[in-house]
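Structural features, examined
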Amino acid sequence: METIQEIIPFAKEMINQKPNRGMLKVYLVGSAVAVVGTVLGLVQTVCQPFSSADDAALDAEFAKLVMREQREEERRRAMEELPEVLKRASYAKPHSEERAGVAQRSAATRHHAS
């Protein structure tokens, strides 16, 4: 709002001074550049959600999401396999049967017994 209030007196002063053509061309070129900049800014603001500038951030978030889903899937599989592991453990041979074929260690070689 301040710029409009400043432009109006400036325009009146320019009309009263009757500027030459060179000065008028400079102001017209400057005004055209300002308008083009404003239009480009508006276009950039409108098209920003569709741009690929944020793809790196989105890719990082997507990678985190995929890793989280994989971890959750592994946990689900582990929880599903847990009953099977427990069943196998219940059918396993007792320790005495497993160790029957393995040679026992001599107690004399255990120097660090507690």
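Residues numbered from 1 in each chain as written. Predicted model: local features only at pLDDT ≥ 70, side-chain atom pairs only at ≥ 80, totals over all residues. Heavy atoms only, no water.

Turning to the overall build of the protein chain, a few remarks are in order. On a plain count of helices and strands, the protein chain comes out with four helices and zero strands. Put simply, the protein chain runs from its N terminus to its C terminus through helices and strands in the order α-α-α-α. Residues classed as buried in the protein chain amount to 1% of the 114 residues present. If you sum the accessible surface of the protein chain, you get close to 11200 Å²; carbon and sulfur atoms cover 61% of it. (Helix = DSSP H or I, 4+ residues; strand = E, 2+ residues; numbered from the N terminus. Buried < 20%, exposed > 50% of the residue type's maximum accessible area, 1.4 Å probe, protein only. Areas by Shrake-Rupley, 256 points an atom, 1.4 Å probe, with all protein chains shown as cover.)

This part is about the UniProt feature "transmembrane region" (unreviewed entry) in the protein chain. UniProt records the feature "transmembrane region" (unreviewed entry) for residues 24–43 in the present numbering. The distance from the first to the last C-alpha atom of residues 24–43 is 29 Å, and the span holds 100% helix and 0% strand. (UniProt positions renumbered as here; feature names shortened; annotations may be inferred.)

The tally for this structure, following the rule as stated, stands at three salt bridges. Glutamate 73 is paired through a salt bridge with arginine 76; the nearest N and O atoms lie 2.7 Å apart. With glutamate 73 and arginine 76 both in helix 3 (residues 55–91) and three residues apart, this pair spans about one turn of that helix. Among the ionic pairs, arginine 77 bridges to glutamate 73, the shortest N-O distance being 3.7 Å. On the criterion of helical spacing, the pair formed by arginine 77 and glutamate 73 is a turn pair, its members being four residues apart in helix 3. (Salt bridge = Lys/Arg side-chain N within 4 Å of Asp/Glu carboxyl O.)

Okay, the packing of aromatic side chains next. In total, this model carries one aromatic pair according to the counting rule given. Measuring from ring centre to ring centre gives 5.6 Å for phenylalanine 10 and tyrosine 27, while their planes differ by 65 degrees; the resulting arrangement is edge-to-face. In this pair, phenylalanine 10 is assigned in helix 1 (residues 2–17) and tyrosine 27 in helix 2 (residues 21–47), connecting sequence segments 17 residues apart. For tyrosine 27, a relative accessible area of 34% gives the class partly exposed. (Phe/Tyr/Trp six-rings, centres within 6.5 Å; stacked < 30°, edge-to-face > 60°.)

A contiguous patch of positive charge on the surface is contributed by Lys64, Arg68, Arg71 and Arg75. Summarising the element assignment, arginine 71 is placed in helix 3. Arginine 71 gets classed as partly exposed once you look at its relative accessible area, which sits at 41%. (Patch = residues over 30% accessible without salt bridge, like charges linked within 9 Å, V, L, I, M, F, W, Y side chains within 5 Å. Lys, Arg positive; Asp, Glu negative; His and termini not counted. Charge placed at Lys NZ, Arg CZ, Asp CG, Glu CD.)

On to the confidence of the model for the protein chain. Detailed reading of the predicted model is not advised wherever pLDDT is low. Across the protein chain, the average pLDDT comes to 77, with 68% of residues at 70 or higher. Taken element by element, the predicted model of the protein chain shows its lowest mean pLDDT in helix 4 (residues 95–98) (54) and its highest in helix 2 (89). (pLDDT = per-residue confidence, 0-100.)

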